[in-house]
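# Coordinates in review
So you can see what is in the structure, the chains are spelled out below.
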Amino acid sequence: MSSADIVERTELLLPGPALALGALLDVPVPDLDGGEGLPPLWHWLYLLERPAQADLGPDGHPARNCVPAPPGPGRRRMWAGGRVRTRGALRGGVPATRRTRVLSVQDKQGRTGPLTFVVVEHLIEQDGRIVVDEQQDIVYRPATSGAASETEEGEVVPPGPGEWAIEVSPTLLFRFSALTYNAHRIHYDRDYARDTEGYPGLLTHGPLQALAMAEAARAAGCGGDLVFDYRLVSPLFDHQGMVAGAVPEGDRTTTSVRDIYGRRTATGTVRSA
């Protein structure tokens, strides 16, 4: 792949975004300028693309001049999962450079029509070495319309050992969208989510679920150089809450997110790199 296919962005890592995420999730913020640096996945608050308003599509997501570019007009974008390998921690007060490229594009036929699977690579370098090596899995599906579908709800399952309940509200989703510069309307525009995309509520971000799993693993003692592999397995809506869990199992920690009724929406594993 030529250098023209790689998008590069460099910035000084300041404490503001990390402090904002700590306040949003009520989790401890490490000493960014010292030896701790950013926890796993907190790099998602930095080195962000900031597209022009004119480049946004009707759904609020970039439709042009972006990586990856949508495969066609009207396709719905979903974050399906990814893999993150860390080699040390990104330190505050030091410039970092992110290089982004598309690794692969694959078209498949799904139950609802054509699907396009895109794997995007992000390499983040600081002090001349790669600190974060990441691949994100993105899926584009056909547009749907119509009335919002109903969701089944049962008995509320209280948080168990190793689980962390997060109250999901429109305010939390809006603030996370703002913190990550994500204008995708399914996360904050209830009328659009219901009337245009047919969702029964605001969609909880895939990256927010992954961060909740990573934070549950951090609270369980995971640290150092690690590999985090995660999958989004089912949509999670604001009225369904969010419960993250992390369970050490031998040489790895199994993570998950479920709704308050026990339905699993995301899974992951954390292991030493």
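Rules used in this analysis
- Residues numbered from 1 in each chain as written.
- Predicted model: local features only at pLDDT ≥ 70, side-chain atom pairs only at ≥ 80, totals over all residues.
- Heavy atoms only, no water.
- Pairing = 2+ DSSP bridges.
- Helix = DSSP H or I, 4+ residues; strand = E, 2+ residues; numbered from the N terminus.
- Axes fitted to C-alpha atoms, helices over the stretch in contact; angles between N-to-C directions.
- Buried < 20%, exposed > 50% of the residue type's maximum accessible area, 1.4 Å probe, protein only.
- Arc of directions from axis to C-beta.
- Contact = heavy atoms within 4.5 Å.
- Parallel < 35°, antiparallel > 145°, perpendicular 65-115°, else oblique.
- Nonpolar A, V, L, I, M, F, W, Y, C, P; charged D, E, K, R; others polar.

## Here's the deal with the sheet that holds strand β10 (residues 264–272)
The strand order across the open sheet built from 10 strands is β1-β3-β4-β5-β2-β7-β10-β9-β8-β6, with neighbouring strands paired in antiparallel fashion. Single-partner strands in this sheet number two, and they are β1 (7–12) and β6 (163–166). Strand after strand, the sheet turns through a mean of 20° between neighbouring axes, direction not considered. Judged from the seven bridges that link them, strand β7 (residues 226–232) and β10 form a sheet pairing that is antiparallel. Looking across to β10, one finds that F228 is bridged to V270.

## Quick look at the pairing of β7
Judged by how many residues are buried, β7 sits mostly within the fold: five of seven residues are covered. As judged from the five bridges shared by strand β2 (residues 76–86) and β7, these two strands associate in the antiparallel manner. Bridge assignment links R85 to a residue of β7, and that residue is V227.

## Re the environment of T196
For T196, the location among the structural elements is in the loop between α3 (190–195) and α4 (206–219). Remark: the alpha-carbon pair of T196 and R87, spanning 109 residues in sequence, is separated by 42 Å.

## Considering helix α2 (residues 170–179)
Looking only at α2, the buried set comprises L172, L173, F176, S177 and L179. What you see down the axis of α2 is that its buried residues fit within an arc of 165°, all on one side. Those residues of α2 that are exposed and angled more than 90 degrees off the buried face are T171 and A178. For α2, the elements touching its buried residues are α1 (16–25), β6 and α4. In the segment just after α2, Y181 is the residue with positive phi, at about 55°.

## What to know about the packing of α2 against α4
The geometry of α2 relative to α4 is characterised by a closest axis approach of 10 Å and an angle of 95° between their N-to-C directions. As summarised for this structure, α2 and α4 are arranged roughly perpendicular, according to the angle between their axes. The residues of α4 that touch α2, namely those facing L172, L173 and F176, are P207, L208 and L211. Per-class residue counts for the contact of α2 with α4 are six nonpolar, no polar and no charged.

## Points about unusual backbone geometry
In this model, V67 is joined to P68 through a cis peptide bond whose omega is 0°. Note that P68 resides in the loop between α1 and β2. Non-glycine residue N65 carries a positive phi angle of around 55°. Mapped onto the elements of the fold, N65 is located in the loop between α1 and β2. We classify N65 as exposed; its relative accessible area is 67%. One non-glycine residue, Y181, lies in the positive phi region at around 55°. Topologically, Y181 is positioned in the loop between α2 and α3. For Y181, a relative accessible area of 47% translates into the label partly exposed.

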